Amino acid sequence: MTGTEKMPGEERRQLILETLQKADNPMTGKELGELTNVSRQVIVGDITLLKAKKEPILATSQGYIYMHASAGPEKIEKVLVCHHTPEQTEEELNILVDHGLTVKDVKIEHPVYGDLSASIMVANRLEVKEFMRRVNEANAVYLAKLAEGGIHLHTVIADEQHQIDNAEIALKKAGILVE
């Protein structure tokens, strides 16, 4: 694209889809907006339309990811029940990623809205640090603070069961895991 020339909507969404499918890392709405000469808000709308067409796009704290079908060995998923202070959030996430887990999401039961979830998708300390920076910069409220009693769930992904088992032991030791 040249200068400020705007791309027609359908063509723009196709370019966004192809770009996400080829990307090795998450792409932010700002990056996609710069690529297509539109605002981040337009990209958010485009992503919503693509999701409505059943495109497997995941919005994470690092940006948008196209979820390709898994070609490798099967991963193990487990839901962990946790409770901690907001100050322990980084500790909790670091314990999980230090044991080789990917933290897929956080879920709570809200007293008014029912089940709420948000994608996290962190797999190492650098991603945890970036997630924490973004939360702090936005002065965002942790989802767990919106839950009655602060109880929240994390879906974690591992290559092997022992990784989850060891992470659970560490979370117990830290007083974070709810049994």
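These notes cover the structure that comes with them.

### Focus on the overall build of the chain
Broken down by element type, the chain carries 6 helices and 6 strands. Ordered by position from N to C terminus, the α and β elements of the chain give α-α-α-β-β-β-α-β-β-α-β-α. Sequence-distant contacts, at least 24 apart, represent 71% of the contacts inside the chain between residues at least 6 apart. Total accessible area computed for the chain in this model is approximately 10,600 Å², and 52% of it derives from carbon and sulfur atoms. In the chain, the 20 positive side-chain charges and the 28 negative ones have mean positions that sit 4 Å from each other.

### As for the sheet that holds strand β5 (residues 114-122)
On the basis of which strands lie adjacent, the open sheet formed by 4 strands has the order β3-β6-β4-β5 and antiparallel pairing. Each of the sheet's edge strands pairs with one partner strand only, and the pair in question is β3 (76-82) and β5. Neighbour-to-neighbour, the strand axes of this sheet turn through a mean angle of 20°, independent of strand direction. Here strand β4 (residues 102-110) pairs with β5 via 7 bridges, running antiparallel. Counted as the bridge partner of I108 is L116 from β5. This element, helix α6 (residues 161-173), spans β3 and β6 (152-158) of the sheet and lies at about 10° to β3.

### Let's talk about the side chain of H84
Among the secondary structure elements, H84 is positioned in the loop between β3 and α4 (89-98). What makes H84 buried here is its relative accessible area of 12%. Of the polar contacts made by the side chain of H84, one reaches the side chain of E92; its length is 2.9 Å. Only 3.3 Å separates the side chain of H84 from the side chain of H152, close enough to count as a polar contact.

### Quick notes on helix α1 (residues 9-22)
The terminal C-alpha atoms of α1 lie 20 Å apart, and with 14 residues this matches the ideal 20 Å at 1.5 Å per residue to within 8%. If you check which residues of α1 are buried, you get R12, R13, I16, L17, T19 and L20. Buried positions in α1, seen along its axis, are confined to an arc of 165° and lie on one side of it. On its buried side, α1 packs onto α2 (29-36), α3 (40-52), β1 (57-60) and β2 (63-66).

### Focus: the nonpolar core
Of all hydrophobic cores here, the largest spans 26 residues; its most connected members are L96, V122 and L171. Residue assignment for this core shows that the elements contributing at least two residues are β3, α4, β4, β5, α5 (125-138), β6 and α6. L171 has contacts with L80, C82, E92, I95, L96, I176 and L177, leaving out every residue within four places of it along the chain. If you look at the next biggest cluster of nonpolar residues, it comprises 12 residues, including L20, I47, I57 and Y64.

### Topic: the pairing of β2
Two elements, β1 and β2, share 4 bridges in a ladder whose sense is antiparallel. Residue A59 lies in a different strand from β2, and its bridge partner there is Y64. Hairpin connection from β1 to β2: 2 residues lie between these consecutive antiparallel strands.

### Concerning the environment of L80
By the secondary structure assignment, L80 is in strand β3. The buried category is assigned to L80, whose relative accessible area is 2%. Once the C-alpha coordinates of L80 and L153 are considered, the two residues, 73 residues apart in sequence, prove to be 5.5 Å apart. Contacts of L80, omitting those with residues within four sequence positions, involve L96, H152, L153, H154, V156, E168, L171 and L177.

Thresholds applied
Residues numbered from 1 in each chain as written. Predicted model: local features only at pLDDT ≥ 70, side-chain atom pairs only at ≥ 80, totals over all residues. Heavy atoms only, no water. Helix = DSSP H or I, 4+ residues; strand = E, 2+ residues; numbered from the N terminus. Contact = heavy atoms within 4.5 Å. Areas by Shrake-Rupley, 256 points an atom, 1.4 Å probe, with all protein chains shown as cover. Lys, Arg positive; Asp, Glu negative; His and termini not counted. Charge placed at Lys NZ, Arg CZ, Asp CG, Glu CD. Pairing = 2+ DSSP bridges. Axes fitted to C-alpha atoms, helices over the stretch in contact; angles between N-to-C directions. Buried < 20%, exposed > 50% of the residue type's maximum accessible area, 1.4 Å probe, protein only. Polar contact = N/O pair within 3.5 Å; in protein donor to acceptor, adjacent residues only side chain to side chain. Expected span 1.5 Å × (residues − 1). Arc of directions from axis to C-beta. Core = buried A, V, L, I, M, F, W, Y, C linked by side-chain atoms within 4.5 Å.

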